[in-house]
Amino acid sequence: MLKRLIIIDDEEYIRIPIQDFFEDNGWQVNPFNSAEEALEYLKTDTAECIIVDMRLPGMTGLEFIDKANSIRRGLKYVIYTGSVDFNITENLRSIGITEECVVHKPAENLSELLNAAEFKPGCGG
Amino acid sequence: MKNSSRRILLIEDEDITAKVYISMLEREGFSVVRVSSGEDAVRTAELDKSIDLILADITLEGDIDGVDTAEVILKKRELPVVFISEHTGADVIEKAEKINSYGFVVKNTGDALLMASIRMAFRLYEANMNVISQNQEIEAANEEMQAAMEEMEAINQELTDTQQSLINSESELKSLFNALLVGVGMIVDRKFLKVNSYLCNLLGYEESELVGSPTRIIYIDDEEYERAGRELYGMMLREGNGITKARVRHKDGDIVDALITLTPVDPDNLSAGACATLNDITELNRAEIALRESEMKFKAVMEQSTLPMLILDMQGTLVDANEAWMKMWSADVNAAIGKYNILEDPQLEGLKPLLQRAFTGEPLDFPEYYYDRDLAGREGGDLWITGRAYPLKEGSGRITNIVIIIEDITKRKSAEEALRISEEKFRNIFNNMTVGYFRTGIDGSLIDINPACLKIFGFSNLEEARNSLNNSTAGVYASRTEWQMIRERMMSGTNSFSGIVNLKRSDGMEFRGGLNMRLVTGSDGRPQFIEGLVDDVTEREKTQEMLIQSEKMITVAGLAAGMAHEINNPLGIIMQNAENALHRMLDDLPGNIAAAEAAGTELQNIKEYVRARRVDQYLTAVRDAGARAAKIVANMLKFSRGTESKFDFLNINSIIDKALDLASNDYDLRKNYDFRNIRINKYYGELPEIPCAETQLEQVFLNLLKNSAEAMFESGAAAGEHVINVTTEHRNGSIKIEFKDNGPGMDAATKKRVFEPFFTAGKVGGGTGLGLSVSYHIIVTGHGGSITVESEPGEGTKFIISLPVEKRGF
């Protein structure tokens, strides 16, 4: 069975190459334009990994993780952010998010994201 | 012989003379009947049978003189006669001898002679009577007569002797009368009876003109005549004699101020006339007026003088003082007079020896002296005085008073004090100001310079500076042209100069001098000297440049923080899409193969096409450019967050070691050099642990090492010759770190901009151009230290970092 990826980014051409790259590497990808849509999806479905941007229109990435975690525990997150000021909050750490789960935008190459998504320990689970 | 029973008939027309004779005779015991004319004498002699002797003045007013009178009387009765005359001419004596006279006396010969004559006359008369009445006794009488004759002869002899002296005495008296330096006149019924020559001279008249004239003629007018008369006679009646001042007239019209006295000849008989004296007091009056005026002037001067003045008696007690003294003293002069004694003033104790000398009559000046009015119970507080004491003398030369003139110099003193303080202040500023101050003559000769100025130019004193500069300030300018330009500006136009010029120290070293000069002119507008301020602004200029750089960097930092996030998203799009495009054209992905087949070709053909048309290279370039832009943004963000890092107490040497470690492992960062081919010499000093942000300093050191390595490899010098010396030392509360390479060095323009953001010395594309500006920011802003560069083309480059041991504002 294919591994499922949820990608949440409001930039279409951020989403598309990631989706294509992951699909080329054998993942099934569900892209979302907003955190709200992704949350709706998570109510009925799940994924092996969620790549989430922090700055989003409407609900932020942080709120999304908080809410998603309350719907479905043990999800694995990769935080893909353009802000270098980003710090892992205590709350994020409490659900298992470590430095390995954070990729700074732009990633030097897409395999960085893939590595982070396939990184086994932590990140929930 | 008893005279009391004897009665004498005195025939004398002059009252004064008569009075004299009467008193003389009465004193001798005679009783006297006085008549003033021959007619009266004849009548009296007839009526008064008790008359024993006739004393007759030969010269009489009226029809008959004394001799004639005696003749008439003697015809009727026998009486002894004694004649008095003021004339002793032979004719008179002869006439007197014709009658049976018994004596002849010259007037004013004195009572002794007169009495002797009278007594003689009695005796002769009695003897004669005896001869006549007692014939038998004629012999005796003759003898007596003889004796009397002898006595008479002796008397006559005596008379002759004294006559001469009498004549002399009278002329003496007369000359005395005339010689008196006061005008004298005998006055009867306000007419001159007799005047002395002084009076004549005084009023310019001949004696004959005055005698017999009314006294009116000497007065200036009727009014004055009446007034003087009233006063003189009125006073004489009341008090015995009168005195008044009157204005009389000289014959030629000049007015004379006169003091006139009047004394009656006979107080009991004022009709007998009076003796008047007249003194010319014109000069006296004038002198008196002058004296009075002079006194008034003195008083006015003293009162109006702004200098306090005191008049003291010889014991030091205040006799008088002026308004100015009163003011200075805040005292009532009248209350102080007679009470204040200058020698007993405790506050003047210090002046006592001088004051005592002054009271011996020595004129002297007092030195400046302090007087505390508060202490003396006066108002006004501090008082500084100086003054002069001098004696007041009478005409005789006796010192009567001491005058002291005081000058209140309190204001001057306080002004002097203020000036002294101000000068001291100026001197203090002059000596202690850190800016150089100088004064030069118009010719450029050195007049004065302050210690700071000496220090700036490296001189130890003014003399040395003068000698060294050959007495011309032209020598302190690095450029003669510049000096000439400044000099021209000073001497014409603005007469001032303000700017930064290149100056020269005594050791020849040049520096940037901030110069501020002006030409000082005198009140006549002519140039006097040049004064100015000079400061070594070399450091300040550097600091200013750094400040400008630092500001630029802060601006960039602020900008970066805002921009970074927005740029990262598009960069992500560029990079990821380019990357994926490559993946989808070149990778043997099942999707790629399937899509190629569906398009009626093979993936291999597509790969070949892409490579043949260099589409792969375009996309790789796009991805790499995106990566580089992302790195710039990342560095900018680090730069903006630099100061927020955590500080720990660490040893700088170990941080450098870590940086060296990183550099040697970081070979893949740049492909065109190998850091391990550089020889690193470590000269580490013993360092204390200092507060610092480890990763930041690591970044700085790594940056410097990489810059050096890059520069050295780019210069094309053979590997193995590259050396970096790393030196650390702890000195004066700070840690000094030097990185010195033997690379190509840099020119002044590069050196100047080396810390500027986006400035890069390397090949375009070799670096971000932010490394050194970030380093600068970390060292200066983050750690309160400094970073400078020393470099010359071909001489290598040395970066010097200084970090404080105590972090400021930690």
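Quick caveat: nothing in here was measured; it's all calculated off a predicted structure.

Right, let's get into the overall build of chain A. Counting its regular elements, chain A contains five helices and five strands. Reading chain A from its N terminus to its C terminus gives the helix and strand order β-α-β-α-β-α-β-α-β-α. When burial is assessed residue by residue, chain A has 52% of its 125 residues classed as buried. For chain A, the computed accessible surface area is about 5700 Å², with 47% contributed by carbon and sulfur atoms.

In this structure the tally under the stated criterion is 14 aromatic pairs over all chains. Ring-pair connections join several aromatic residues into one group, and the members of that group are F21(A), F22(A) and W27(A). Its end group placed over the ring of F122(B), R6(B) keeps NZ or CZ at 4.0 Å from the ring centre. Stacked on the ring of F430(B), the Lys or Arg R427(B) has its end atom at 4.6 Å from the ring centre.

Residues and elements named next belong to chain B. Burial runs high along strand β4 (residues 81-85): five of the five residues are buried. Where burial is concerned, the two faces of β4 agree: the one with V81, F83 and S85 and the one with V82 and I84 are both buried. In the sheet, strand β3 (residues 53-57) pairs with β4 via four bridges, with the strands oriented parallel. Looking across to β4, one finds that L55 is bridged to V82. Since β3 and β4 lie parallel, the crossover through helix α3 (residues 66-76) that links them has a hand, and here it is right-handed.

All right, on to the pairing of strand β2 (residues 27-32) of chain A then. Residue and element names in this part refer to chain A. In the sheet, strand β1 (residues 3-8) pairs with β2 via six bridges, with the strands oriented parallel. Of the residues in β2, the one forming a bridge with I7 is P31. Taking the sense of rotation as the criterion, the β-α-β connection linking β1, helix α1 (residues 12-24) and β2 turns out right-handed.

Looking now at the side chain of S117(B). All names here are of chain B. Position of S117 among the secondary structure elements: in helix α5 (residues 111-133). Exposure remark for S117: the relative accessible area of 7% places this residue in the buried category. Aside from chain neighbours lying at most four places away, what touches S117 is V82 and V105.

What follows concerns the interface of chain B and chain A. Listed per partner, the contact involves 18 residues of chain B and 22 residues of chain A. With both chains or domains summed, chain B and chain A bury close to 2000 Å², and 53% of this area falls on carbon and sulfur atoms. R55(A) is paired through a salt bridge with E566(B); the nearest N and O atoms lie 2.5 Å apart. Summed over the shared surface of chain B and chain A, the number is 10 residue pairs in polar contact (both at pLDDT 80 or more). Every element with two or more residues in the side of chain B that touches chain A is listed here: α18 (538-586) and α21 (615-641) of chain B. For the side of chain B that touches chain A, the element with the highest residue contribution is α18(B), accounting for 14 residues. A per-class count over the side of chain B that touches chain A returns six nonpolar, eight polar and four charged.

Moving on to helix α14 (residues 410-432) of chain B. All names here are of chain B. Taking 1.5 Å per residue as the helical rise, α14 with its 23 residues ought to reach 33 Å, and the 32 Å between its terminal C-alpha atoms agrees with that figure. Considered for burial, the residues of α14 that qualify are T410, K413 and F430. Looking at the buried side of α14, the elements it contacts are β13 (364-372), β14 (382-393), β15 (399-408), β16 (436-440), β17 (446-449) and α15 (451-457).

Take the nonpolar core next. Residue and element names in this part refer to chain B. Of all hydrophobic cores here, the largest spans 39 residues; its most connected members are I652, L697, F701, I737, F739 and I801. Among the elements of the structure, α22 (652-665), β23 (690-692), α23 (694-714), β24 (723-731), β25 (734-741), α25 (771-783), β26 (786-791) and β27 (797-804) are those that each provide at least two residues to this core. Ranked by residues supplied to this core, first place goes to α23 with nine residues. Excluding its chain neighbours within four sequence positions, the residues that come into contact with I652 are L687, I690, C692, L697, F701, I735, I737 and L803.

If you trace the backbone, V301(B) turns up in helix α10 (residues 282-304). C-alpha of V301(B) to C-alpha of N322(B): the two residues are 21 residues apart in sequence and 9.5 Å apart in space.

This part is about the pattern of salt bridges. Should the charged atoms of two oppositely charged side chains come close, the side chains can pair. Scanning all chains against the criterion turns up 39 salt bridges over all chains. Here E40(A) makes a salt bridge to K43(A), at a shortest N to O gap of 3.1 Å. Pair noted here: E40(A) and K43(A) are both in helix α2 (residues 35-44), with a separation of three residues, about one helical turn. Among the ionic pairs, R388(B) bridges to D365(B), the shortest N-O distance being 2.8 Å. Taken together, the positions of R388(B) in strand β14 and D365(B) in strand β13 put the pair 23 residues apart, joining distant regions of the chain.

A few words on helix α3 (residues 61-71) of chain A. Residues and elements named next belong to chain A. The complete set of buried residues in α3 reads G61, F64, I65, A68 and N69. When α3 is viewed along its axis, its buried side chains cluster within an angular range of 125° and face the same direction. Residues of α3 that are buried sit in contact with β1, α2, β3 (49-52), β4 (77-81) and α4 (90-94).

This part takes up a negative patch on the surface. Residue and element names in this part refer to chain A. A cluster of acidic residues, E36, E37, E63 and D66, forms a negative patch on the protein surface. Only α2 and α3 provide two or more residues apiece to the negative patch. For D66, the position within the fold is in helix α3.

So, about the sheet that holds strand β20 (residues 527-536) of chain B. Residues and elements named next belong to chain B. Taken together, the five strands give an open sheet; going across it, the order is β17-β16-β20-β19-β18, and neighbouring strands pair in antiparallel fashion. With partners counted over all chains shown, the strands left at the sheet margins are β17 and β18 (496-504), one partner each. Averaged over all pairs of adjacent strands, the angle between strand axes in this sheet comes to 25°, irrespective of strand direction.

Once that is clear, we can look at the packing of α23(B) against α25(B). All names here are of chain B. Running from N to C, α23 and α25 point in directions that differ by 145°, and their axes come no closer than 9 Å. For the pair α23 and α25, the sense of crossing is left-handed. The residues of α25 that touch α23, namely those facing Q696, L697, Q699, V700, N703, L704 and N707, are G771, L772, V774, S775, I778, I779 and H783. Among the residues forming the contact of α23 with α25, the class breakdown is seven nonpolar, seven polar and no charged.

Right, let's get into the confidence of the model for chain B. This prediction gives chain B a mean pLDDT of 82; 88% of its residues lie at or above 70. Confidence, read as mean pLDDT per element, is least for helix α6 (residues 138-179) of chain B in chain B (68) and greatest for helix α20 (residues 603-612) of chain B (94).

Each value, and the rule that gives it
Residues numbered from 1 in each chain as written. Chains lettered and ligands numbered in written order. Predicted model: local features only at pLDDT ≥ 70, side-chain atom pairs only at ≥ 80, totals over all residues. Heavy atoms only, no water. Helix = DSSP H or I, 4+ residues; strand = E, 2+ residues; numbered from the N terminus. Buried < 20%, exposed > 50% of the residue type's maximum accessible area, 1.4 Å probe, protein only. Areas by Shrake-Rupley, 256 points an atom, 1.4 Å probe, with all protein chains shown as cover. Phe/Tyr/Trp six-rings, centres within 6.5 Å; stacked < 30°, edge-to-face > 60°. Lys NZ or Arg CZ within 6 Å of the ring centre and 35° of its normal. Pairing = 2+ DSSP bridges. Right-handed = clockwise from strand over helix to strand, strands pointing away. Contact = heavy atoms within 4.5 Å. Buried area = accessible area lost by both parts, 1.4 Å probe. Salt bridge = Lys/Arg side-chain N within 4 Å of Asp/Glu carboxyl O. Polar contact = N/O pair within 3.5 Å; in protein donor to acceptor, adjacent residues only side chain to side chain. Nonpolar A, V, L, I, M, F, W, Y, C, P; charged D, E, K, R; others polar. Expected span 1.5 Å × (residues − 1). Core = buried A, V, L, I, M, F, W, Y, C linked by side-chain atoms within 4.5 Å. Arc of directions from axis to C-beta. Patch = residues over 30% accessible without salt bridge, like charges linked within 9 Å, V, L, I, M, F, W, Y side chains within 5 Å. Lys, Arg positive; Asp, Glu negative; His and termini not counted. Charge placed at Lys NZ, Arg CZ, Asp CG, Glu CD. Axes fitted to C-alpha atoms, helices over the stretch in contact; angles between N-to-C directions. Left-handed = near helix turned anticlockwise from the far one by under 90°. pLDDT = per-residue confidence, 0-100.

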